[in-house]
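Letter by letter, the chains look like this.
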Amino acid sequence: MSNSSSSNSKSAAAQPRGWRVVVAWTLILVFVVEIATALFVKRADKGFAVSAFARLPLVFNGRVQPMDSLARNSLMQIRGITEVPLEGNGVDGAWGSWEELRAKGGELAERKWFQFSKHPKKLKPADWLLEVMGNPEQADDRYIFVINHPDLRSLLKLEGGLDKSGLHFYRFNDITDRMKELRAEVQRVAKIEATQRTPFDQAVVKLDNAFGLYFRLKNTLQPQDSKDFRKELDEYLAAVKSARTEAQERQSRGEKMDREAIDQLLAPVQKLASRYEVMARIDAPLIVPLPHAGDKGHEAWHRMGDALLEATGETMPESVKLLAGMASAYQAGDVAKFNQEIGSYQGLLKSEGLIKEVTKSNQETFFNQLLAFKRSMYMYIVAFLLVLLYWAGLNEIWRVTAMRLLLIGFVIHTSGLIFRMWLEGRPPVTNLYSSAIFIGWGAVVLGLVLEKFFKDGIGLVVATCVGFLSLIVAHSLSQSGDTMEMMRAVLDTNFWLATHVVVITLGYASTFVAGFLALVYILRGVFTKTLTSVTAKSLSRMVYGIVCFSTLFSFVGTVLGGIWADQSWGRFWGWDPKENGALIIVLWNALILHLRWGGIIRERGLMNCAIAGNIVTSWSWFGVNMLGIGLHSYGFMDAAFVWLMLFVGSQLALIAIGSLPLSLWRSFRDVKPPSDSQPPSGGKGVPVEA
Amino acid sequence: MLDRFVKIFSSLRLTVVLLALGIILVFVGTVAQADEGLYQAQERYFKHWWVWGVTMFGYKIPMPLPGGYLIGTLLIINLIAAHIKRFQFTTKKLGIQLTHIGIILLLVGQLTTDLFSHETQLRFSEGEGKSWSESSMDYELVLTTDADSNSEKVVAIPQSVVAQGGEIKHLDMPFTLRVKEYWRNSEPVFRAPMQQNAPPLTTNGVASSFDFHQSPVTHSMDTKNVPTAVIELAAASGSLGTWVVSGWSADETMLSGVRASYSRQMGREMAESLVTRLSGNQSVNVAGKSYSFVFRPARAYKPFSLTLLKATHSVYPGTDIPKDFRSRVRVQNPSKGEDREVDIYMNSPLRYAGLTFYQYQMAAGEMAAQSGETPSSTLQVVRNPSWMTPYAGCVIVAAGMIIQFMIHLVGFISRRKAA
C-alpha cells in the first residue's frame with residue numbers, strides 16, 4: 001500500500017509524524033503478537049490432561065469430531081457462551097467463588113467489564129465437558145442454564161441465580177425439584193405448531209432442549225450416578241460371568257429353568273444393565289471405538305450403553321475399559337492415573353487404525369481454538385474506527401493503518417474459511433452459518449477492490465462494516481449447535497454447493513456492499529460536510545458498478561439453483577419461498593439498473609434504491625426461512641425475527657433521511673447540488689457509462 | 001395509433017412498471033403461501049392472468065393484482081418490441097442484446113413448461129416391475145373385462161367425468177353407470193364388529209366392511225384429496241346393484257399409510273387383513289362376462305418397464321439425518337432390445353425416452369424393516385419438453401451480462417489509469 005498516500009483530495013493532509021507512526025505500528029503489532037501467541041504458544045495442562053482429552057475423537061451429529069467441538073457446541077446451545085466462570089461478585093462488593101458467595105446470600109454477578117483487576121477462574125469448554133462426563137454431580141452445581149423469560153423463572157421458582165448483564169444463569173440443582181412443572185409445560189407446548197408458539201413456549205422448548213442435551217452428555221461416558229465406573233465395570237463383567245457359569249452348570253445338570261429362575265439368576269446383571277439400557281436409548285454421542293475400528297469406517301463407533309450391553313465377559317473392548325478408567329480416575333481426583341489412562345487410550349486409538357480420526361480431531365481442535373472469525377471480527381471493528389479517524393480529517397496514516405489491519409483480518413478470515421472447507425471437505429457455504437461467514441468475506445474482497453481504485457476510505461468502511469456485522473450474525477447463528485453438521489441427502493452434492501450456493505451468496509454480499517455504500521453517501525451527506533461532489537460521484541460509480549455485479553451474480557445464482565432443482569426434484573422453478581426471495585433480489589437489481597438507464601432515478605434515487613436492496617436481501621436471506629414453509633427452509637428462527645425487523649426498520653429510516661430535501665443536507669446546504677440538477681446522462685433504454 | 005401502441009409497448013417505463021409489479025407479486029405470492037398453502041398460492045398468484053384478493057399474514061385484503069401470466073407475457077412483448085424498435089448490431093450493445101435474448105428464452109421456456117410439462121409418479125416395491133406411472137392428483141374409474149384369453153378390454157372414465165355425475169354410457173359397457181354420489185375428498189372408516197355402526201352405504205363389496213365419509217378438500221402440500229363415489233350399474237333388465245368405489249382401495253401410497261396406521265393400533269396381522277378387505281376386487285357379472293371396476297390413480301402407460309431391484313436408504317451414524325436415497329432400477333424396452341440397470345438417486349435422475357425419473361420418496365432402511373414392509377421407492381416421472389431452456393438461457397444471459405459489464409469495467413479502469 002506504499003502508493004496509497006499519493007492520491008485523492010486527502011493527500012494534502014499533514015505528513016505522518018513520529019508519534020502517529022509509533023501508535024499505528026504498535027496497534028498492528030498488538031494484533032499480530034496476539035495471533036502469533038494463539039498459533040504457536042501451547043498451553044500446558046497443570047493438572048488433568050484436559051488438552052489431550054479435548055482432542056479425543058468421537059462421533060456425534062453423524063460425524064467424527066473432537067471432544068472440544070462437542071464441548072463448545074453444547075455449551076453454546078446450553079449457556080450461549082463457551083466459558084463457565086467459577087468466581088465473581090456477590091453482595092456488598094464481595095469477590096470470590098460462587099460457593100462462598102452463596103453462603104452469604106444475595107445476587108451473584110459475573111465480572112463486570114470495568115473490573116480489569118479481576119481474573120475469575122473459568123472452565124474452558126473441554127474442562128466443563130470432562131466434568132459433565134466424569135463428575136456429573138459437580139457439574140450439576142455449575143451456572144450453565146440460561147433462563148431469561150420471567151414467567152419461566154417464576155414457574156420454576158427461580159430466585160437469585162447468576163447475573164451477567166441482564167442474562168440469568170442457573171444450576172441444574174436449582175431446577176431439579178420443579179421438574180414436574182417443567183415437564184407439564186413441555187408436554188403442552190409439544191402439541192403446538194412451531195409457528196404458533198409464544199415466547200414463553202419457546203423458552204420452555206429451549207430449556208427442555210438444553211436439559212435433553214445435558215442429560216445426554218452426562219450419560220455419554222458413564223451412567224450419571226456411577227461412583228467408580230471402572231470398578232462397576234469389573235463387577236458387571238463378573239456378574240455376567242457368574243450368571244453364565246451358573247446357567248451352564250444347571251444346564252449340564254439337566255435342570256430346567258423357568259422364567260422366574262432366569263430372572264433371579266440375571267438379577268445382579270440386570271441391576272446394572274437397566275442403567276446401560278437408558279444410556280443406549282438416548283441419542284448420546286458415540287464414544288466407544290470398537291476393536292479394529294480403523295477398517296470399519298463410521299460403523300465402528302458405538303454408544304457406551306450399546307457397547308456395555310453387547311459386549312459381555314471376555315469380549316469387552318479394551319476402549320471401554322480405558323474410558324471407564326478415565327472416568328474413575330477423574331472422579332477420584334487422581335491426576336496421575338487419569339493422565340496415564342488417557343495416554344493408553346490415545347495409544348489404543350492409534351493401534352486400532354484410527355489415525356485419520358485422530359488427525360482430524362487434532363486439526364479441528366486447533367481450528368476451534370484459533371477462533372479465526374472472532375479474531376478477524378475484532379480487527380474489522382478497530383479498522384472501522386481508524387477510517388472514521390481518517391475521515392474526521394486527522395491523518396492519512398490512519399487510513400493506511402486501517403487498510404493494513406483489514407488485510408491482516410482478511411487473511412485470518414480467509415484462513416478460517418479455507419480451514420473449515422478443508423475440515424468438512426466441502427465448498428465454503430453449507431448452511432446459514434457459513435453463508436454469513438462467506439457474505440462477510442465477499443464483502444471484504446469487494447471493499448478492498450473499491451479501496452484499491454478510489455483510495456478514499458469508503459471501500460474500507462464498507463468492508464469493515466459488512467465484514468463485522470456478518471461475522472456477528474454468524475456468531476449468533478452458531479448458538480443453535482454444530483456448524484459443521486452433515487448434509488442431508490438432497491444437499492449432499494459438492495458441485496451444486498460450489499456453484500449455485502457460492503454464486504448466490506456472492507450476490508447477497510454484493511447487494512449488501514452496494515447498500516452500505518449508499519448508507520455512507522446518505523450519512524455523510526446529511527450529517528457532515530464531507531460529501532464533496534467528487535466523493536458523491538465516486539460513490540455513485542461504486543454503487544452502480546456493484547449493482548451490475550450483484551445483478552450478474554444473483555441472476556446466475558438463481559438460475560443455477562433452478563437447474564439444481566431440476567436435477568433433484570424435476571422442476572426448474574417451483575415458486576418456493578427461498579427461490580422467490582432470490583428472484584426478488586434479481587428483479588430488484590434489474591429494476592435499479594433500468595431506472596438508472598431510463599434516467600428515472602439519479603444519484604440520490606440510486607442510493608435510496610441500493611439501501612432498499614439491503615431490505616430485499618435480508619428478507620431473502622432470513623425472512624423467507626421464518627415463513628416456515630417450502631423445501632428450502634433450513635432453519636426456523638424467532639429471535640432472529642426481531643433483529644430482522646430492527647434492521648429493516650433502520651434501513652427504512654435511512655431511506656427517509658435520504659429523501660429529505662437537499663436543503664437539509666449539511667454537505668449540500670451551501671453548495672449547489674452536484675448531480676441532481678444535471679440532465680440525465682445517456683438516452684432512454686441505453687446504459688450509461690458509470 | 002399504431003405508433004402510440006409501439007411506443008407504449010417498447011418503452012423503458014413499461015419495463016420498470018412490470019419489474020416493480022413483478023417484485024410485488026412475488027413477495028405477496030410468497031407470504032400468502034403461509035396461509036393458502038404452497039400449491040394453491042402458486043396457482044392463484046403465478047399461474048393466472050389476474051389475482052383477485054390477496055392473503056397476507058392471516059389477513060384477507062380485497063386488492064386486485066396482475067398475475068404471473070400477465071406480467072410475464074407483457075415482459076416478453078415489451079422486450080421483443082423494444083428490440084425490434086431499437087435494434088442495432090454494435091459490439092457495444094452485444095451484451096445487452098444477448099442478455100435480453102436469454103431472458104426471453106427463459107420466460108418462453110417457463111411458459112411452455114407450464115403448458116406442456118406433465119408430472120406423474122411411479123411407486124414400486126423391490127422386485128416389482130411397472131410399465132406405467134400414476135398421477136398424484138387425478139383418479140380414473142376403470143372397468144376391465146376379458147376381451148379374449150390373452151387380452152383385456154379397458155374402459156377408463158376420468159375423474160372429471162365422474163365428478164359431473166349423471167349417467168355414463170360406453171360402447172364397451174353393456175350397462176349404464178349412474179353416479180349417485182361423488183366426494184372429491186373422503187375418509188374410510190372400518191365398520192368394526194360389535195360397535196354402533198350406521199347402516200352401510202350399500203351392502204356390496206368394500207362398503208360391507210368400510211364406511212366412507214366426505215371430508216373437506218385440502219390444498220396442503222403433504223395431504224392429498226382421495227375421491228370416493230357411489231355408483232349404480234343398470235342393464236336394460238334393471239339395476240345390477242350399487243357399489244362404493246374409492247380411491248382408497250387402489251392407491252398404493254394411501255394403502256401403505258392405512259396399513260402403517262392400523263399396524264400401530266392393532267398389530268400387523270390385523271392391519272394386513274383390513275387392507276386386503278379395503279383393496280378387495282369388486283366386479284359384476286353381465287351376460288356371462290365379469291366386469292371388475294376400480295377407482296384408481298390415473299395411469300400413463302409407457303412402452304418400456306422399470307423394475308426396482310434395490311431401494312437403499314442410509315443415514316449418518318447415530319442420527320436420523322438421511323445420507324442417501326438410492327434406487328437400483330432395471331430398464332427393459334423390448335422394442336429396442338434394451339435391458340440395463342441404473343442407479344437413480346438424489347441429484348442424479350434417469351433421463352430416458354423423453355422422460356426424467358427422479359428419486360422422490362422411499363420407504364426402506366431400518367424403518368421399513370421394523371414395520372415388516374417390503375422396501376419400496378417412489379420416482380417422480382416428469383415429461384418436460386423445454387427442460388433445456390434454463391440451461392441455455394442461463395449461459396446466454398450470463399455471457400451477455402459479463403460482456404456488458406466488462407466493457408464498462410475496462411473503460412472505467414483505463415480512464416482511471418489515464419487520469
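A. Here's a closer look at the overall build of chain A. Secondary structure assignment for chain A yields 25 helices and 12 strands. By its C-alpha atoms, chain A is 110 × 65 × 50 Å across when sized along the principal axes. When burial is assessed residue by residue, chain A has 46% of its 690 residues classed as buried. Pairs at least 24 apart in sequence give 74% of the contacts found in chain A among residues at least 6 apart.

B. Spatial organisation of the pairing of strand 1 (residues 57-60) of chain A. Residue and element names in this part refer to chain A. Residues Pro57 and Val59 point to one face of strand 1 and Leu58 and Phe60 to the other, with burial holding for every one of them. By the bridge criterion, 4 bridges tie strand 1 to strand 2 (residues 63-66) in an arrangement that is antiparallel. Of the residues in strand 2, the one forming a bridge with Val59 is Val64. If you look at the hairpin formed by strand 1 and strand 2, you'll find 2 residues sitting between the two strands, and Asn61 has a positive phi there, around 55°.

C. Examining the interface of chain A and chain B more closely. Contacts between chain A and chain B engage 57 residues on the former and 54 residues on the latter. Residue assignment for the side of chain A that touches chain B shows that the elements contributing at least two residues are strand 1, helix 22 (533-568) and helix 23 (577-597) of chain A. Top contributing element to the side of chain A that touches chain B by residue count: helix 22 of chain A, with 12 residues. Class assignment of the residues belonging to the side of chain A that touches chain B gives a composition of 35 nonpolar, 15 polar and 7 charged.

D. Examining the pairing of strand 17 (residues 355-363) of chain B more closely. All names here are of chain B. Here strand 17 lies mainly inside the structure; 8 of its 9 residues are buried. Where strand 16 (residues 350-352) lies against strand 17, 3 bridges are found, and the strand directions are antiparallel. Bridge pairing links Arg351 to Thr356 in strand 17. Between strand 16 and strand 17, which follow one another and run antiparallel, lie 2 residues, and Ala353 among them has a positive phi close to 50°. Alignment of strand 17 against strand 18 (residues 376-383), held across 7 bridges, turns out to be antiparallel. Across the sheet, Tyr358 pairs through a bridge with Gln380, a residue of strand 18.

E. Region of the structure containing the environment of A:Pro136. Residues and elements named next belong to chain A. Locating Pro136 in the fold gives a position in helix 6 (residues 136-139). For Pro136, a count of 22 C-beta atoms within 10 Å translates into the label buried. For the pair formed by Pro136 and Pro223, sequence separation is 87 residues and the distance between their alpha carbons is 9.4 Å. For Pro136, the contacting residues outside a window of four places in its chain are Lys218 and Gln224.

F. Representation of the environment of A:Leu662 within the structure. Residue and element names in this part refer to chain A. By secondary structure assignment, the location of Leu662 is in the segment after helix 25 (639-658). Under the C-beta neighbour-count criterion, Leu662 is labelled partly exposed, with 17 such atoms within 10 Å. C-alpha separation for the pair Leu662 and Asp306, spaced 356 residues apart in sequence, amounts to 73 Å.

G. The arrangement of the confidence of the model for chain A in detail. Residues and elements named next belong to chain A. Residue-level pLDDT values for chain A average 85, and 91% of them are 70 or greater. Here residues 629-636 is modelled with pLDDT under 50, and outside its nearest four sequence neighbours on either side it reaches 23 contacts, counting other chains as well. Note on residues 676-690: pLDDT is under 50 here. Beyond four places in sequence and across chains, it has 31 contacts.

H. Quick peek at the packing of helix 17 (residues 372-391) of chain A against helix 20 (residues 458-477) of chain A. Residue and element names in this part refer to chain A. Helix 20 packs onto helix 17 with a crossing angle of 145° between their chain directions and a minimal axis gap of 8 Å. Here helix 17 and helix 20 pass one another in a crossing that is left-handed. Contacts from Phe373, Ser376, Met377, Tyr380, Ile381, Ala383, Phe384 and Val387 of helix 17 reach helix 20 at Leu460, Val461, Thr464, Cys465, Gly467, Phe468, Leu471 and Ala474. A class-by-class count of the residues in the contact of helix 17 with helix 20 yields 13 nonpolar, 3 polar and no charged.

I. Expanded view of the nonpolar core. Residues and elements named next belong to chain A. In terms of nonpolar packing, the biggest core is built from 149 residues, with Ala383, Val462, Val513, Leu517, Val543 and Ala610 touching the most fellow members. When residues of this core are assigned to their parent elements, the largest contribution, 18 residues, is made by helix 21 (residues 494-527). Apart from residues lying up to four places away in sequence, Ala610 is in contact with Ala514, Gly515, Leu517, Ala518, Val543, Val547 and Ile592. In this structure, Ala54, Leu286, Ala300 and Ile342 belong to the second largest nonpolar core, which totals 71 residues.

J. Representation of the sheet that holds strand 10 (residues 228-235) of chain B in the model. Residue and element names in this part refer to chain B. Across the sheet, which stays open at both edges, the 4 strands sit in the order 6-7-10-11 with antiparallel pairing between neighbours. Edge strands, defined here as strands with exactly one partner in the open sheet, are strand 6 (166-168) and strand 11 (238-246). Pairs of neighbouring strands in the sheet enclose a mean axial angle of 30°, with direction left out of account. Bridge count for strand 7 (residues 176-183) against strand 10 is 7 bridges, and the pairing is antiparallel. Within strand 10, the residue paired with Thr176 across the bridge is Ala234.

K. Main features of unusual backbone geometry. Residue and element names in this part refer to chain A. Unusually for a residue other than glycine, Asp92 sits at a positive phi of about 55°. Relative to the helices and strands, Asp92 is located in the loop between strand 4 (87-89) and strand 5 (95-97). On the basis of neighbour counts, which here come to 7 C-beta atoms within 10 Å, the residue Asp92 falls in the exposed class. Phi is positive for Lys157, close to 50°, though the residue is something other than glycine.

L. Representation of the environment of B:Ala207 in the model. Residues and elements named next belong to chain B. The topology assignment puts Ala207 in the loop between strand 8 (186-190) and strand 9 (210-214). Remark: the alpha-carbon pair of Ala207 and Arg277, spanning 70 residues in sequence, is separated by 9.8 Å. Contact partners of Ala207, with chain neighbours within four places excluded, come to Pro200, Leu201, Thr202, Trp243 and Val244.

M. Representation of helix 10 (residues 199-218) of chain A within the structure. Residue and element names in this part refer to chain A. Between its terminal C-alpha atoms helix 10 stretches 28 Å, which fits the 28 Å expected from 20 residues at 1.5 Å a residue. Those residues of helix 10 lying buried are Ala203, Val204, Leu207, Ala210, Tyr214, Leu217 and Lys218. Summarising the axial view, the buried residues of helix 10 lie within an arc of 155°, below the 170-degree limit, and thus occupy one face.

N. Spatial organisation of helix 2 (residues 12-31) of chain B. With 20 residues, helix 2 of chain B should cover 28 Å at 1.5 Å per step; its first-to-last C-alpha distance of 29 Å lies within 8% of that length. Within helix 2 of chain B, burial applies to B:Leu12, B:Thr15, B:Leu18, B:Leu19, B:Gly22, B:Leu25, B:Val26, B:Gly29, B:Thr30 and B:Val31. Looking at the buried side of helix 2 of chain B, the elements it contacts are helix 23 of chain A together with helix 3 (33-36), helix 4 (38-46), strand 1 (50-56), strand 2 (59-66) and helix 5 (68-86) of chain B.

O. Layout of the confidence of the model for chain B. Model confidence for chain B is summarised by a mean pLDDT of 85, while 96% of its residues fall at 70 or above. Scored as a complex, the prediction yields pTM 0.83 and ipTM 0.81.

P. Quick look at the packing of helix 3 (residues 67-78) of chain A against helix 16 (residues 355-370) of chain A. Residue and element names in this part refer to chain A. With their axes 8 Å apart at the nearest point, helix 3 and helix 16 run at an angle of 40° to one another. Comparing their axes, helix 16 and helix 3 come out oblique. Contacts between helix 3 and helix 16 pair Asp68, Ser69 and Arg72 from the former with Glu364, Thr365 and Asn368 from the latter.

Conventions adopted
- Residues numbered from 1 in each chain as written.
- Chains lettered and ligands numbered in written order.
- Predicted model: local features only at pLDDT ≥ 70, side-chain atom pairs only at ≥ 80, totals over all residues.
- Helix = DSSP H or I, 4+ residues; strand = E, 2+ residues; numbered from the N terminus.
- Buried ≥ 20, exposed ≤ 12 C-beta atoms within 10 Å, placed from the backbone.
- Contact = placed C-beta atoms within 7 Å.
- Pairing = 2+ DSSP bridges.
- Nonpolar A, V, L, I, M, F, W, Y, C, P; charged D, E, K, R; others polar.
- pLDDT = per-residue confidence, 0-100.
- Axes fitted to C-alpha atoms, helices over the stretch in contact; angles between N-to-C directions.
- Left-handed = near helix turned anticlockwise from the far one by under 90°.
- Core = buried A, V, L, I, M, F, W, Y, C linked by C-beta atoms within 7 Å.
- Expected span 1.5 Å × (residues − 1).
- Arc of directions from axis to C-beta.
- Parallel < 35°, antiparallel > 145°, perpendicular 65-115°, else oblique.

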